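Below, each chain spelled out in residue letters.
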Amino acid sequence: MSDSETKTRHRPGPWPPAPEAKAMPPSSWAKKTGFQPKFSGEANASDSGQISLQPRPKEPDTNVDLEAGRARTPANGSGPPREGSAPPLPPPSKDQMVKKRRDSDGVPKSSIPSTNGQATAEPLPPPPPRRTARHEEVVDAPPQSVDEDGFVSRHSHMKYELRDSPGLVPIGVYGIQHYVSILGSLILTPLVIVPAMGGSHEDTSAVVSTVLFVSGVTTLLHTSFGSRLPLIQGPSFVYLAPALAIINSPEFQGLNGNKFKHIMKELQGAIIIGSAFQTFLGYTGLMSLLVRLINPVVVSPTIAAVGLSFYSYGFPLVGTCLEIGAVQILVVFVFSLYLRKISVLGHRIFLIYAVPLGLAITWAVAFLLTEAGVYNYKGCDINIPASNMVSEHCRKHVSRMKHCRVDTSHALKSSPWFRFPYPLQWGTPIFHWKMALVMCVVSLISSVDSVGSYHASSLLVASRPPTPGVLSRGIGLEGLSSVLAGLWGTGTGSTTLTENIHTIAVTKMGSRRAVQLGACFLIVLSLVGKVGGFIASIPEVMVAGLLCFMWAMLTALGLSNLRYSEAGSSRNIIIIGLSLFFSLSIPAYFQQYGISPNSNLSVPSYFQPYIVASHGPFRSKYGGLNYFLNTIFSLHMVIAFVVAVILDNTVPGSKQERGVYVWSEPEAARREPAVANDYELPLRVGRIFRWVKWVGL
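Residues numbered from 1 in each chain as written. Predicted model: local features only at pLDDT ≥ 70, side-chain atom pairs only at ≥ 80, totals over all residues. Heavy atoms only, no water.

1. Structural notes on the nonpolar core
It is characteristic of soluble globular proteins that their nonpolar side chains tend to be buried jointly. As a reminder of what qualifies: Only buried Ala, Val, Leu, Ile, Met, Phe, Trp, Tyr and Cys residues count toward a nonpolar core, and they belong to the same one when joined by side-chain atoms within 4.5 Å. Between buried and exposed lies partly exposed: a residue is buried under 20% and exposed over 50% of the maximum accessible area for its type, with that area taken using a 1.4 Å probe on protein chains only. Labels follow the DSSP assignment, with helices taken as runs of H or I lasting at least four residues and strands as runs of E lasting at least two, numbered in each case from the N terminus. Residues count as neighbours in contact if any of their non-hydrogen atoms are within 4.5 Å of one another.
In terms of nonpolar packing, the biggest core is built from 127 residues, with Met197, Leu244, Ile538 and Met542 touching the most fellow members. With 12 residues, the single largest contributor to this core is helix 17 (residues 433-461). Not counting residues up to four positions away in its chain, the partners in contact with isoleucine 538 are Ile187, Leu191, Leu359, Trp363 and Val543. Within the second largest apolar cluster, 6 residues are counted, among which are Val297, Ala304, Ile576 and Leu580.

2. Considerations on the state of the cysteines
Note the following rule: Note on terminology: disulfide denotes any pair of cysteine sulfur atoms within 2.5 Å.
Summed over the entire model, instances satisfying the criterion amount to 1 disulfide. One disulfide in the model links cysteine 321 with cysteine 404; its S-S distance is 1.9 Å. Disulfide cysteine 321 to cysteine 404: torsion about the S-S bond roughly 125°, handedness right-handed. Placement of the pair is cysteine 321 in the loop between helix 11 (314-318) and helix 12 (322-338) and cysteine 404 in helix 15 (residues 392-404), with a sequence separation of 83 residues.

3. Remarks on helix 19 (residues 499-507)
Most of helix 19 sits inside the fold, with 8 of its 9 residues counted as buried. Packing partners of the buried residues in helix 19 comprise helix 4 (168-181), helix 5 (183-196), helix 13 (349-352), helix 17, strand 2 (494-496) and helix 22 (540-559).

4. Some points on the packing of aromatic side chains
To keep it simple, the criterion reads: Only centres within 6.5 Å qualify two rings of Phe, Tyr or Trp (six-membered ring in Trp) as a pair; their planes then separate them into stacked at under 30 degrees, edge-to-face at over 60, and tilted for everything else. A ring is considered to have a charge above it if a Lys NZ or an Arg CZ atom is located within 6 Å of its centre and within 35 degrees of its normal.
Under the criterion given, the structure shown has 19 aromatic pairs. Here the aromatic rings of phenylalanine 581 and phenylalanine 582 are separated by 5.5 Å at their centres, their planes lie at 75°, and the arrangement is edge-to-face. With relative accessibility at 31%, the residue phenylalanine 582 sits in the partly exposed group. By way of ring pairs, the aromatic residues Phe237, Phe310, Tyr313, Trp551 and Phe607 are connected into one cluster. The lysine or arginine in question, lysine 434, covers the ring of tyrosine 627, its NZ or CZ lying 4.6 Å from the ring centre.

5. Overview of the confidence of the model for the chain
Going by this rule: Confidence per residue, as judged by the predictor, is encoded in pLDDT with a range of 0 to 100.
Of all residues in the chain, 75% attain a pLDDT of 70 or more, and the chain-wide mean is 79. For the chain, the element scoring lowest by mean pLDDT is helix 2 (residues 28-33), at 43; helix 25 (residues 636-650) scores highest, at 96. A low-confidence stretch, residues 129-156 stays under pLDDT 50, and its non-local contacts, those more than four residues away or across chains, total 104 contacts.

6. Quick word on a positive patch on the surface
The following threshold applies: Patch membership requires more than 30% relative accessible area and the absence of a salt bridge. Residues of like charge join within 9 Å; the nonpolar side chains Val, Leu, Ile, Met, Phe, Trp and Tyr join within 5 Å. Throughout, the Shrake-Rupley method with a 1.4 Å probe supplies accessible areas, and for residues the shown protein chains are the sole cover considered. Any carboxyl oxygen of Asp or Glu within 4 Å of a side-chain nitrogen of Lys or Arg constitutes a salt bridge here. Charge assignment: positive for Lys and Arg, negative for Asp and Glu; neither His nor the chain ends contribute. All charge positions are set by atom: Lys at NZ, Arg at CZ, Asp at CG, Glu at CD.
A contiguous patch of positive charge on the surface is contributed by Arg670, Arg684, Arg687, Arg690 and Lys693. Tracing the backbone shows arginine 684 in the loop between helix 28 (673-679) and helix 29 (685-688). Given a relative accessible area of 61%, arginine 684 falls into the exposed group.

7. Concerning the environment of leucine 584
Residue placement: leucine 584 occurs in helix 23 (residues 570-592). Measuring from C-alpha to C-alpha, the distance between leucine 584 and alanine 640 comes to 8.5 Å, with 56 residues separating the pair along the chain. Setting aside residues up to four positions removed in sequence, leucine 584 forms contacts with Leu308 and His636.

8. Remarks on the pattern of salt bridges
On inspection of all chains with the given rule, the structure shows 4 salt bridges. Across the salt bridge formed by arginine 163 and aspartate 678, the nearest N and O atoms sit 2.6 Å from each other. Within this pair, whereas arginine 163 is found in the loop between helix 3 (94-100) and helix 4, its partner aspartate 678 is found in helix 28, the two being separated by 515 residues in sequence. When its relative accessible area of 33% is taken as the criterion, arginine 163 is described as partly exposed. Residue aspartate 678 is classed as buried on the basis of its relative accessible area, which comes to 0%.

9. Considerations on unusual backbone geometry
What you tend to see is this: most non-glycine residues have negative phi, and most peptide bonds are trans. Positive phi values are uncommon outside glycine, yet leucine 424 reaches one of about 55°. Even without glycine at this site, lysine 508 takes up a positive phi of about 55°.

10. Concerning helix 21 (residues 529-536)
Of all the 8 residues making up helix 21, 7 are buried; the element is thus mostly covered by neighbouring parts of the structure. Where helix 21 is buried, its residues contact helix 5, helix 6 (201-225), helix 16 (411-414) and helix 20 (512-526).

11. Focus on the environment of proline 250
Note that proline 250 resides in the loop between helix 7 (240-247) and helix 8 (259-283). Classification of proline 250 by relative accessible area gives partly exposed; the value is 38%. Remark: the alpha-carbon pair of proline 250 and serine 614, spanning 364 residues in sequence, is separated by 5.8 Å.

12. Observations regarding the environment of asparagine 630
Secondary-structure assignment places asparagine 630 in helix 24 (residues 623-632). On the basis of relative accessible area, asparagine 630 is assigned to the buried category, the value being 1%. The sequence separation of asparagine 630 and valine 612 amounts to 18 residues, and the corresponding C-alpha distance is 6.4 Å. Not counting chain neighbours up to four residues away, the residues in contact with asparagine 630 comprise Phe590, Val612, Ala613, Gly616, Pro617 and Phe618.

This is how it looks when you write it as structure tokens:
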């Protein structure tokens, strides 16, 4: 008998054969050495998906994968034992398992591997072993546990969860903190669009106050009658690029008197029509059908393209006063990255308040430089237009005086102490179908953004993800909120701010009451006219510096949705790469078409990408159609969405590989009291509309 045959047989004698049904523990040597491999934040995957493994016996303690929402896969590729191998090592003690669960995730024995945070009651084979833990700073979603019925339980990592109400003072403090932490998302958009419309500092102050008021009102509506998740509504950056495209339309270039009010009324009309379309999608239940096409591989490049699309606006404007703009960017970077772990009274203030603290410090530095006379030039007056300056010396330094000084704005002095924003304050909206169609497409992109925010926030603060009906109800109410924004005249629509997810994860505050109380505080603040005037007086170069950080954060938050899918899959890598590349390349073709290098354009260089309607490649005899097509194909987020949604829904791939969103089943949600309490409408309104099943539980 040969040696090879002897090795393949069972050894005779007192040694019993190794168990054939049990698999070797996946990380016996790794547990001894502490080795924790990582593969781009995902499990080890092959070219097109995960490595399939034999299931191991069920473990007594398992968790739901909150971050990825699906079954964990092993990082070391362990498989069934060979014959003649040593018996498996005993499982770790319960104390060790509890300790490991702080940093690692599992999946309930009754869950389907491809679900994102949802456990089902159908018994299935035991899941494969858990994969390695990820770092706390990378993923802001610690694990959950599962109750006896297979439902996801509450989250011990959150200070306050969705329905918690510990008292007026705690939730009031946390509610105000929540709004202050995303202050940049609320106030920066009007600081960009109002000057672009030719508005004065007083107009900017009035629009800022209106934005704060509408944001507070729509947040109250959404947390009460929408998705009911603790998500702040506000002027999303999704609406910024199309608003700039409408502002720079060729028919508005020759306007002189009341240019601001005329363009604002045009924007109001377009926003109202586009928001009505979004309301129709939500309340008719069509969104619950379209959501089947929207998955992490679609959401990620779409949101990322929103942030990347403003690269031509960010640093070119910072460069107008580099010593102030660069300091603004560096201070925010240092606070949010290098000092992010410093805690004061249990709060990581530098991470939570990076934007407002950075703004305050940079503003103080600019004020000191202005008072010290650094930007004073002999015989030059900043109040004299550059065209009327006789001295060549003054014309040379007029740009630095305009952008670096902090005393050029009179918004704070001219603002009243009390101002109540009211509907139609700028006049009756003007409706043009070509601009309305652009906003209809943008409202669809806004809905895609909100779908990703609903799913991510529900995994953080709610007992289970919402049902498709609750999702449709939330989208419908966002449409109504944008209609209100159009009537009040904020210049953009009102939708869920993507930055909510980062703020909830960092502050660990998910209380719905806290967000509602913060919204009431915001409404009161909007009535103080001096607040709007103070915000409107922020120097333009500082606004550009903050926007560089905010758009970079938005891009990163969009790409972070890939953690719900197989990020190491070649299928997903190619789809994301193509979506992002064409989202930059195709709009560049439209924006540069017909422009010669020596063209003397009437707009600043950072606004040139938004005048495409006057020179785009579509030049048929139908002017309105040309305007619509040239504008739509110049928007980066639209191209990213179209490419991603076509490829993700046509290229073969498993649900686990694609990270398909799985929403709660209506029947299971109605049986579970915790889920019903999370999403049911208040004040018995849900009973009245219980027959409308496509917009409820």
